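Close look at the chain arrangement
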Amino acid sequence: MTKHIHGGDVYRYENYLDFSSNCNPLGLPDGVRSAIIQAVDSVVHYPDVQCEKLKKAIGQYEQVPEGQIVCGNGAAEVIFSVCLAAKPKRALLPAPTFAEYQQALESVGCAVEYVRLDEKKGFVLDEAILRQVEKTRPDVVFVCNPNNPTGILTEKQLLERLLHLCEQTETLLVLDECFLDFVEQPEQYTMKEYLSKTDNLLIVKAFTKRYAMAGVRLGYGLTGDETLAQQMELVTQPWNVSGLAQEAGIAALKETAYVKRGQELIVGERHYLQEQLRNLGLQLYDSSANYLFFLGPEDLPERMKKHKILIRDCSNYPNLRKGFCRIAVRTHEENEQLINALKGELEWQKQL
């Protein structure tokens, strides 16, 4: 596996239009910006090592007890922390899915097996994962819903069956819901209601995507197993969440109107992009997230750089190959710019 290949590399590609990372296209909320500015003078002090006010705000937002919350330096740290705390020996991952799961698992010497999602079936997670869990009885299973990079939702009924099976096999289910905020009717898909019913579930969430604050680095985990939550905090370094990040998070959770506007924008623009990509003859998959996944020419990501546009080359994901790409859903003006560039490149391809 190639290490540390992600979207959002604006540091190597300055002044490019970035469709390779999947943050809220509305940009940083004004309330979060103000909170960060107002908190600047507090950097002379260590941040609250217990994240007390932030956990209280998250608890109210998510309607879960504060003892079930673990805060991290981004969702990525939560993923690494659960691996350090649980020390799994065997893990099961869908393929393709978010690369950090494998990296975190291998960092603790865990053997990783895959449920290879079928390209011909649209990369949908199906009952094959149940059969694999029953057969191999792994220590931990990671599922991203909607999946990254495909954007495809897993039906809640299948996740409920998977969780029930994980209870029987004493398997921890780590469920990444970071992109669920951009799905239509996310309350129909979240597994949060099971936190009070089982010790076998950890839900991972992030401020990064919902509030377009990737550079702040703030994420959290929710688990009904308070012992696991305590163990995760023990394996992270002290003061892992900066004071600025804590204040930014508290302010962000008040931005309900901003979140609603972002959801409405994403839904409308996702439909627009889906129609345009299909009209271009690209093989498009059924994303419900704030990004779209398609198969195009193998060199398309490089060719788009001529237009100063970044799209995500997904060929480094397990079970994918060159030509698979992911694009974020952005504002209409930016989406039009992307489509016009794609039209030019695909027409040029036809003339060869």
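We now turn to the structure provided with this report. (Residues numbered from 1 in each chain as written. Predicted model: local features only at pLDDT ≥ 70, side-chain atom pairs only at ≥ 80, totals over all residues. Heavy atoms only, no water.)

1. Here we look at the pairing of strand β2 (residues 69-72)
Moving residue by residue along a regular strand, the side chains alternate between the two faces of the sheet. The two faces of β2 match: Ile69 and Cys71 on one face and Val70 and Gly72 on the other face are all buried. With 4 bridges connecting them, β2 and strand β8 (residues 219-223) associate as antiparallel partners. Paired with isoleucine 69 across the strands is leucine 222, a residue of β8. (Buried < 20%, exposed > 50% of the residue type's maximum accessible area, 1.4 Å probe, protein only. Helix = DSSP H or I, 4+ residues; strand = E, 2+ residues; numbered from the N terminus. Pairing = 2+ DSSP bridges.)

2. Points about a nonpolar patch on the surface
The grouping of Tyr46, Val49 and Trp239 at the surface amounts to a nonpolar patch, some 370 Å² of accessible area in total. Looking at where tyrosine 46 falls in the secondary structure, it is placed in the loop between α1 (30-38) and α2 (52-62). (Patch = residues over 30% accessible without salt bridge, like charges linked within 9 Å, V, L, I, M, F, W, Y side chains within 5 Å. Areas by Shrake-Rupley, 256 points an atom, 1.4 Å probe, with all protein chains shown as cover. Salt bridge = Lys/Arg side-chain N within 4 Å of Asp/Glu carboxyl O.)

3. Points about the pairing of strand β3 (residues 90-95)
Most of β3 is tucked away: 5 of the 6 residues are buried. Here β3 runs beside strand β4 (residues 111-116); their pairing, made up of 6 bridges, is parallel. Across the sheet, the residue bridging to alanine 95 is arginine 116, located in β4. As for the winding sense of the linkage, the β-α-β connection from β3 through helix α4 (residues 99-107) to β4 is right-handed. As defined by bridge partners, β3 adjoins strand β5 (residues 140-144) across 2 bridges and the pair is classed as parallel. Bridged to alanine 91 within β5 is valine 140. (Right-handed = clockwise from strand over helix to strand, strands pointing away.)

4. Notes on the pattern of salt bridges
The full count for this structure, using the stated rule, is 16 salt bridges. A salt bridge links aspartate 181 to arginine 210; its shortest N-O distance comes to 3.2 Å. A residue pair is termed long-range when its members are at least 10 positions apart, and aspartate 181 in the loop between β6 (172-176) and β7 (201-206) and arginine 210 in helix α7 (residues 207-211) qualify at 29 residues. When its relative accessible area of 9% is taken as the criterion, aspartate 181 is described as buried. With a closest N to O distance of 2.9 Å, glutamate 345 and arginine 303 form a salt bridge. With glutamate 345 in helix α12 (residues 332-351) and arginine 303 in helix α11 (residues 300-304), the pair connects residues that are 42 residues apart, well separated along the chain.

5. Here we look at the sheet that holds β2
Strand order in this open sheet of 7 strands is β2-β8-β7-β6-β5-β3-β4, and the pairing throughout is mixed. Of all the strands in the sheet, just β2 and β4 have a single pairing partner and so form its edges. The sheet shows a mean angle of 20 degrees between the axes of neighbouring strands, direction not considered. Pairing between β7 and β8: 5 bridges, direction antiparallel. When the bridges of β8 are listed, lysine 205 appears paired with tyrosine 220. (Axes fitted to C-alpha atoms, helices over the stretch in contact; angles between N-to-C directions.)

6. Points about the packing of α1 against helix α9 (residues 243-252)
Packing of α1 against α9 leaves a shortest axis separation of 8 Å and a crossing angle of 150 degrees. Comparing the axis directions of α1 and α9 gives the class roughly antiparallel. Two packed elements cross with a definite hand, and for α1 against α9 that hand is right-handed. Between α1, through Gly31, Val32, Ala35 and Ile36, and α9, the contact on the second element is made entirely by Leu244, Glu247, Ala248, Ala251 and Ala252. Within the contact of α1 with α9, the residues separate by chemical class into 7 nonpolar, 1 polar and 1 charged. (Parallel < 35°, antiparallel > 145°, perpendicular 65-115°, else oblique. Left-handed = near helix turned anticlockwise from the far one by under 90°. Contact = heavy atoms within 4.5 Å. Nonpolar A, V, L, I, M, F, W, Y, C, P; charged D, E, K, R; others polar.)

All we've got here are geometric facts, nothing functional implied.
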